[in-house]
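Inside the fold
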Amino acid sequence: MGTFHIDEIRSIEKITAARNTEWYYHAFSFLPDVFKNMVSSGIKCPFLIGTRLAGVHNGFFFISLSKEVPGIKKSAFLKYLKRNSMFILDNIEPFKCFPEGMAPIPIITRESTWSDEYQAFMKIPAKKIVGLESAVESWSLEEEIEKLRDLREMIIILNELNISWPIYDYSHYEEDQIFEIDKQGYLELSKKLV
């Protein structure tokens, strides 16, 4: 049994549109202060943050992105889809990563084992973020309580900053339809997690 009953989750989700194939995604682990900074000031590379995050292999000057590309076997997008929340980005022009061992100039290009991984250089302005993806249905079924609590905190921060981005649950899908989470409904539903 999941954290929320499936009917409870579906009662706070609505179909809004088909997924935009031009969107890019940046997966992140939730840390309140870092999240607040990203939604206010944009997504920055480790050099601009002044740190090298553990477990992050983006290079010092790059921001790792993925893109939904149907039919590929080794997908960064699918890897992070249910593991992390992801910023949804639009109207950006990232560079496609080179296959491993094929980057012509390693300092200004990145290599990747993922065929759907891209890179942005230095910073992505906050105005390029058009929403969040969080796998609420999947996390509930897998009893990922911490991730569900983190989403609650993200919504509270977004409300405090008066940011009204949509939050989509890609773990609940019907063909190519997007299910948007009612943020106030989620805050009410997730009170039992506090």
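The structure this text deals with has already been given above.
Report follows, based on the coordinates. This one's a predicted model, so the numbers in the text were calculated from it and none came from an experiment.

Points about unusual backbone geometry
Although it is not a glycine, Met122 adopts a positive phi angle of roughly 70°. Positionally, Met122 belongs in the loop between β9 (117-121) and β10 (123-124). Notably, Asn162 is not glycine yet its phi reads approximately 60°, a positive angle. Structurally, Asn162 is set in the loop between α6 (145-160) and β12 (167-168).

Quick notes on the pairing of strand β13 (residues 177-181)
Across the five residues that make up β13, a large majority, four, are buried. Taken together, the five bridges between strand β1 (residues 13-18) and β13 define a ladder with antiparallel strand orientation. Within β13, the position partnered with Ala18 by the bridge is Gln177.

What to know about the packing of helix α2 (residues 32-41) against α6
Running from N to C, α2 and α6 cross one another at 45°; their axes reach a closest spacing of 11 Å. Classified by the interaxial angle, the pair formed by α2 and α6 is oblique. Between α2 and α6 lies a crossing of right-handed hand. Across the interface between the two elements, Pro32, Phe35, Lys36 and Val39 of α2 pack against Met154, Ile157, Leu158 and Glu160 of α6. Class assignment of the residues belonging to the contact of α2 with α6 gives a composition of six nonpolar, no polar and two charged.

Calculation criteria
Residues numbered from 1 in each chain as written. Predicted model: local features only at pLDDT ≥ 70, side-chain atom pairs only at ≥ 80, totals over all residues. Heavy atoms only, no water. Helix = DSSP H or I, 4+ residues; strand = E, 2+ residues; numbered from the N terminus. Buried < 20%, exposed > 50% of the residue type's maximum accessible area, 1.4 Å probe, protein only. Pairing = 2+ DSSP bridges. Axes fitted to C-alpha atoms, helices over the stretch in contact; angles between N-to-C directions. Parallel < 35°, antiparallel > 145°, perpendicular 65-115°, else oblique. Left-handed = near helix turned anticlockwise from the far one by under 90°. Contact = heavy atoms within 4.5 Å. Nonpolar A, V, L, I, M, F, W, Y, C, P; charged D, E, K, R; others polar.

None of the figures reported here should be taken as evidence of function without further support.
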